[in-house]
Amino acid sequence: QVQLVESGGGLVQPGGSLRLSCAASGFSASLNAMGWYRQTPGKQRELVARISAGGSTTYTNSMKGRCTISRDNAQNTVYLQMISLKPEDTAVYYCNTAPPLPTYWGKGTLVTVSS
């Protein structure tokens, strides 16, 4: 059974940093393109960062220069390091394949950027 478990969210002040983790089980994240997504109430879920199976990365314009997606193949885990966080980055963050598979969505991890 495939499971993606996100962690690492929390409350952070503007300008702060967070590192999100996504532990995958039931499939090999290293063999798939993986993405970090985020969603705020009333808005569609958006792709924030993507890492291909070969390791190439892409980022949404609003996060370029402020986040890095990476993975640890041995741990079957995908990470999202975020810096210089802004209040508009507040959202629930999810990981999934890229493009996403509907049955793979986890519960996400809430990131709140506020003073």
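These remarks concern the structure in this document. (Residues numbered from 1 in each chain as written. Predicted model: local features only at pLDDT ≥ 70, side-chain atom pairs only at ≥ 80, totals over all residues. Heavy atoms only, no water.)

### Details of the state of the cysteines
- This structure, assessed with the given rule, holds one disulfide.
- Paired through a disulfide, Cys22 and Cys95 show a sulfur-sulfur distance of 1.7 Å. Disulfide Cys22 to Cys95: torsion about the S-S bond roughly 50 degrees, handedness right-handed. Pair noted here: Cys22 is in strand E3 (residues 18-25) and Cys95 is in strand E9 (residues 91-97), with a separation of 73 residues, a long-range link. Residue Cys22 shares its accessibility class with Cys95, and that shared class is buried. (Disulfide = S-S within 2.5 Å. Helix = DSSP H or I, 4+ residues; strand = E, 2+ residues; numbered from the N terminus. Buried < 20%, exposed > 50% of the residue type's maximum accessible area, 1.4 Å probe, protein only.)

### Considerations on the side chain of Arg38
- By the element assignment, Arg38 lies in strand E4 (residues 34-39).
- Looking at Arg38, the relative accessible area reads 7%, which means it is buried.
- There is a polar contact of 2.6 Å between the side chain of Arg38 and the side chain of Glu46.
- When neighbours within four sequence positions are excluded, Arg38 is seen to be in contact with Gln44, Arg45, Glu46, Val48, Ser62, Met63, Asp89, Ala91, Val92 and Tyr93. (Polar contact = N/O pair within 3.5 Å; in protein donor to acceptor, adjacent residues only side chain to side chain. Contact = heavy atoms within 4.5 Å.)

### Some words on the pairing of strand E5 (residues 46-51)
- In terms of strand pairing, E4 meets E5 through five bridges, oriented antiparallel. Its bridge partner lying in E5, Arg38 is registered against Glu46.
- Counting the residues between successive antiparallel strands, the hairpin from E4 to E5 contains six residues, one of them, Gly42, with a positive phi of roughly 85 degrees.
- Alignment of E5 against strand E6 (residues 57-59), held across three bridges, turns out to be antiparallel. Residue pairing across strands places Arg50 opposite Thr58, the latter belonging to E6. (Pairing = 2+ DSSP bridges.)

### Regarding the pattern of salt bridges
- Evaluated as defined, the whole model comprises three salt bridges.
- As a salt-bridge pair, Glu46 and Arg38 come within 2.6 Å of each other at their nearest N and O atoms.
- Two residues, Arg66 and Asp89, come together in a salt bridge whose shortest N-O distance is 2.7 Å. One end of the pair, Arg66, is in the loop between E6 and strand E7 (67-72); the other, Asp89, is in the loop between strand E8 (77-82) and E9, and 23 residues separate them in sequence. Like Arg66, the residue Asp89 is buried in the burial classification.
- Three or more residues joined by partner-sharing salt bridges are found here, namely Arg38, Glu46, Arg66 and Asp89. (Salt bridge = Lys/Arg side-chain N within 4 Å of Asp/Glu carboxyl O.)

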